[in-house]
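The chain contents come next:
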Amino acid sequence: KAGNGHAEGPAAEERGCRGGLRGCRGFLRRNALVLLTVSGVVAGVALGTAVRRASLGPAQVAYLAFPGELLLRMLRMVILPLVVCSLVSGAASLDTRSLGRLGGIALAYFLGTTLLASGLAVALGFIIRPGAGASALNDPRLGLSGDVPTSKETVDSFLDLIRNLFPANLVAAAFRTYATEYKMLLRNTTSGNVTWEKIPVGTEIEGMNILGLVLFALVLGVALKKLGQEGEDLIRFFNSFNEATMVLVSWIMWYVPIGIMFLVGSKIVEMEDIVLLVTSLGKYIFASILGHFIHGGIILPLIYFAATRQNPYRFLLGLITPFATAFATCSSSATLPSMIKCIEENNGVDKRISRFILPIGATVNMDGAAIFQCMAAVFIAQLNNVDLNPGQIFTILVTATASSVGAAGIPAGGVLTIAIILEAIGLPTNDLSLILAVDWIVDRTTTVVNVEGDALGAGILNYLNEKEKKEKEQELKEVNVEAVANSKSEEETSPLVTHKNQVSNTTSTADPESKESVL
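Computed from a predicted model, the values in this text were never measured in an experiment. (Residues numbered from 1 in each chain as written. Predicted model: local features only at pLDDT ≥ 70, side-chain atom pairs only at ≥ 80, totals over all residues. Heavy atoms only, no water.)

We now examine the overall build of the chain. When helices and strands are counted, the chain shows 21 helices and two strands. Residues counted as buried form 44% of the 519 residues belonging to the chain. Within the chain, contacts between residues at least 6 apart in sequence are counted, and of these 82% link residues at least 24 apart. Here the chain displays about 26600 Å² of accessible surface, and carbon together with sulfur accounts for 62% of that area. (Helix = DSSP H or I, 4+ residues; strand = E, 2+ residues; numbered from the N terminus. Buried < 20%, exposed > 50% of the residue type's maximum accessible area, 1.4 Å probe, protein only. Contact = heavy atoms within 4.5 Å. Areas by Shrake-Rupley, 256 points an atom, 1.4 Å probe, with all protein chains shown as cover.)

As structure tokens, then:
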């Protein structure tokens, strides 16, 4: 017996080791993409730091960035079919009542969180005062670009937003957006004075009109649902197209770690003098990133917990790959494919919810951008020694919330909307070159907070949808129980039922032939 015990000991240990190895292998297989993506970011920083010492020219830096550029091109390639097909199939799969209810909740969530983000940024701006201590801002080593976005009238900006909701040409909307530009006309007045007049002129600029495509896809989905039997073939087509696009996304995802490594590495090599940049604009960078950390790490998870009573950090843990993609690409639109894939597979969010709400969120919900824009407005005001009054603060909040809706989901897309805010409160736009100098740093955390807000919104909607479904099932069960109870009481009282029972009893005792004849 003792010999057997000694023999069993090593065997048990061996089994335990095998079990541990199997568990470790399973963990690595499940989280391979996450681990590779995080490794890609770390390797990118190491690569950039090592290559930086070699003093590469612009051509060599462009070659270094080529694998990263390929990743961005692949992600942008699938955005159009993904947004249109997912929204058409999502809108067609939900009934009109659910669509209206979920749409209303999503709109309230998006507006509420963006207003909270704007308020937080303005408060932090007044507490930290990033513009008060800014120095050495005219140093040429900062690499400030002289190209500042042309300022646009606030009214024209909002009119452009509405015009883009209704594109004149759907094919052109896939690659062009409507924008107002200005033409200066010389006018002679009756008194003989010569005046210049600014006339708004409509033009088409490069860039996908995502707002127009989102609205069209939603309305088309609802229309196909209304058609009933006739629209089912087209709905199936969009569903198949959507699934095929998701398969493409799953293949592209395995290239993400390589692309991220070269994107981060090339960006570090491109930097001018990071020490000088941080010392001169350090307070602005710190205030912006602190705002993103508070909103993304505390406020949004608290909203999720209050709505669902579930751990928000466990939910966010399944989305490390999209967050790393957002950090590297600085584009919420480019992060959309990986976000849809991970939120469905890792967090179990219903496809109908994720494919309906995430494309809208990537277009409309810009919490990180609202923080970045408000902080920039307060920073420039302090830089010019302008004390903001309550009216101007209210204008900043409203304009930032509204203009973040139309902010392009591309790198540096928020800088254009800062010009709108500055125009609205009467501040000069020539200081925007300072914001552009540090935009590549702040834009990374901005994009991460943007996509986090979309993901938690999808999680809240999924929870509310599941809850409503369970309540309906409970009601149906109660109705069935009542129906059974009523039928029993009828059996006790109704002579017709007793007569039927008697017939059934007689047939049950008889042979099969007699059953057949009775039937």
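Continuing now.
Here we take up helix H9 (residues 232-253). Its 22 residues place the ends of H9 31 Å apart at the C-alpha level, agreeing with the 32 Å of an ideal helix rising 1.5 Å per residue. Within the sequence span of H9, burial applies to Ile235, Phe238, Asn242, Thr245, Met246, Val249, Ile252 and Met253. End-on, the buried residues of H9 take up no more than an arc of 115°, which puts them together on one face. Structural note: H9 exposes Asp233 and Trp251 on the side pointing more than 90 degrees away from its buried face. (Expected span 1.5 Å × (residues − 1). Arc of directions from axis to C-beta.)

Turning next to the packing of helix H5 (residues 96-128) against helix H15 (residues 351-364). Viewed as axis vectors pointing N to C, H5 and H15 meet at an angle of 35°, and their least axial separation amounts to 11 Å. The two elements H5 and H15 cross, and the hand of that crossing is right-handed. Taking contact as the criterion, the partners of Leu99, Leu102, Gly103, Ala106 and Phe110 in H5 are, on H15, Ile353, Phe356, Ile357, Ile360, Gly361 and Val364. Here the contact of H5 with H15 is composed, by residue class, of nine nonpolar, two polar and no charged. (Axes fitted to C-alpha atoms, helices over the stretch in contact; angles between N-to-C directions. Left-handed = near helix turned anticlockwise from the far one by under 90°. Nonpolar A, V, L, I, M, F, W, Y, C, P; charged D, E, K, R; others polar.)

Once that is clear, we can look at the nonpolar core. Membership of the largest hydrophobic core comes to 50 residues, with the highest contact counts inside it found for Phe315 and Phe356. With 37 residues, the next largest nonpolar core counts Val122, Ala377, Leu388 and Leu432 among its residues. (Core = buried A, V, L, I, M, F, W, Y, C linked by side-chain atoms within 4.5 Å.)

Take the pattern of salt bridges next. If you walk through the whole model with that rule in mind, you get eleven salt bridges. When the shortest N-O distance is used, the salt bridge between Arg101 and Glu468 registers 3.2 Å. Linking Arg101 in helix H5 with Glu468 in helix H19 (residues 432-493), this pair joins segments that are 367 residues apart in sequence. Put simply, Arg163 and Asp160 hold a salt bridge, and the shortest N to O gap is 2.9 Å. Placement of both Arg163 and Asp160 in helix H6 (residues 154-165) is noted, with a separation of three residues, approximately one turn of the helix. In the salt-bridge network here, residues are joined through shared partners; they are Glu243, Glu344, Lys351 and Arg355. (Salt bridge = Lys/Arg side-chain N within 4 Å of Asp/Glu carboxyl O.)

Looking now at the confidence of the model for the chain. When pLDDT is averaged along the chain, the result is 80, and 81% of the positions lie at 70 or above. For the stretch residues 140-148, pLDDT sits under 50, and the model shows 21 contacts to residues farther than four places along the chain or on other chains. Throughout residues 492-510 the model reports pLDDT below 50, and contacts reaching past four residues in sequence, or to other chains, amount to eight contacts. (pLDDT = per-residue confidence, 0-100.)

Our focus in this paragraph is the packing of aromatic side chains. On inspection of all chains with the given rule, the structure shows five aromatic pairs. Seen from their ring centres, Phe237 and Phe241 are 5.8 Å apart, and the 75° between their planes marks the pair as edge-to-face. Taken together, the residues Phe237 and Phe241, both in helix H9 and four residues apart, mark about one turn of the helix. By relative accessible area, Phe237 is classed as partly exposed at 46%. Put simply, the rings of Phe237, Phe238 and Phe241 pair up and form one aromatic cluster. (Phe/Tyr/Trp six-rings, centres within 6.5 Å; stacked < 30°, edge-to-face > 60°.)

Note that Phe175 resides in the loop between helix H7 (170-173) and strand S1 (176-188). Each residue touching Phe175, except ones within four places of it in the same chain, is listed here: Ile205, Glu206, Gly207 and Met208.

With that settled, consider helix H13 (residues 320-329). Counting buried residues in H13 gives eight out of ten residues, a clear majority hidden from the surface. If you check which residues of H13 are buried, you get Thr321, Pro322, Phe323, Ala324, Thr325, Ala326, Ala328 and Thr329. A positive phi of about 55° marks Cys330, the residue just after H13.

The backbone of Arg309 shows a phi angle near 60°, a positive value even though the residue is not glycine. You can see Arg309 is positioned in the loop between helix H11 (274-308) and helix H12 (312-317). Despite not being glycine, Cys330 shows a phi value in the positive range, around 55°. Within the secondary structure layout, Cys330 lies in the loop between H13 and helix H14 (332-345).

Turning to the side chain of Lys341, a few remarks are in order. For Lys341, the position within the fold is in helix H14. Judged by relative accessible area, which is 14%, Lys341 ranks as buried. Among residues more than four places away in sequence, those in contact with Lys341 are Met246, Val249, Ser250 and Met253.

Attention now moves to the packing of H9 against H14. Across the interface, H9 lies against H14 with an axial gap of 10 Å and an inter-helix angle of 100°. With respect to H14, the axis of H9 lies roughly perpendicular. Touching Met246, Val249, Ser250 and Met253 of H9 are Pro337, Ser338, Ile340 and Lys341, all from H14. Classifying every residue of the contact of H9 with H14 gives five nonpolar, two polar and one charged. (Parallel < 35°, antiparallel > 145°, perpendicular 65-115°, else oblique.)

Further remarks concern the environment of Arg53. Considering the arrangement of structural elements, one finds Arg53 in the loop between helix H2 (32-52) and helix H3 (58-64). Given a relative accessible area of 71%, Arg53 falls into the exposed group. Between the C-alpha atom of Arg53 and that of Val269, which follows or precedes it by 216 residues, the distance is 8.7 Å.

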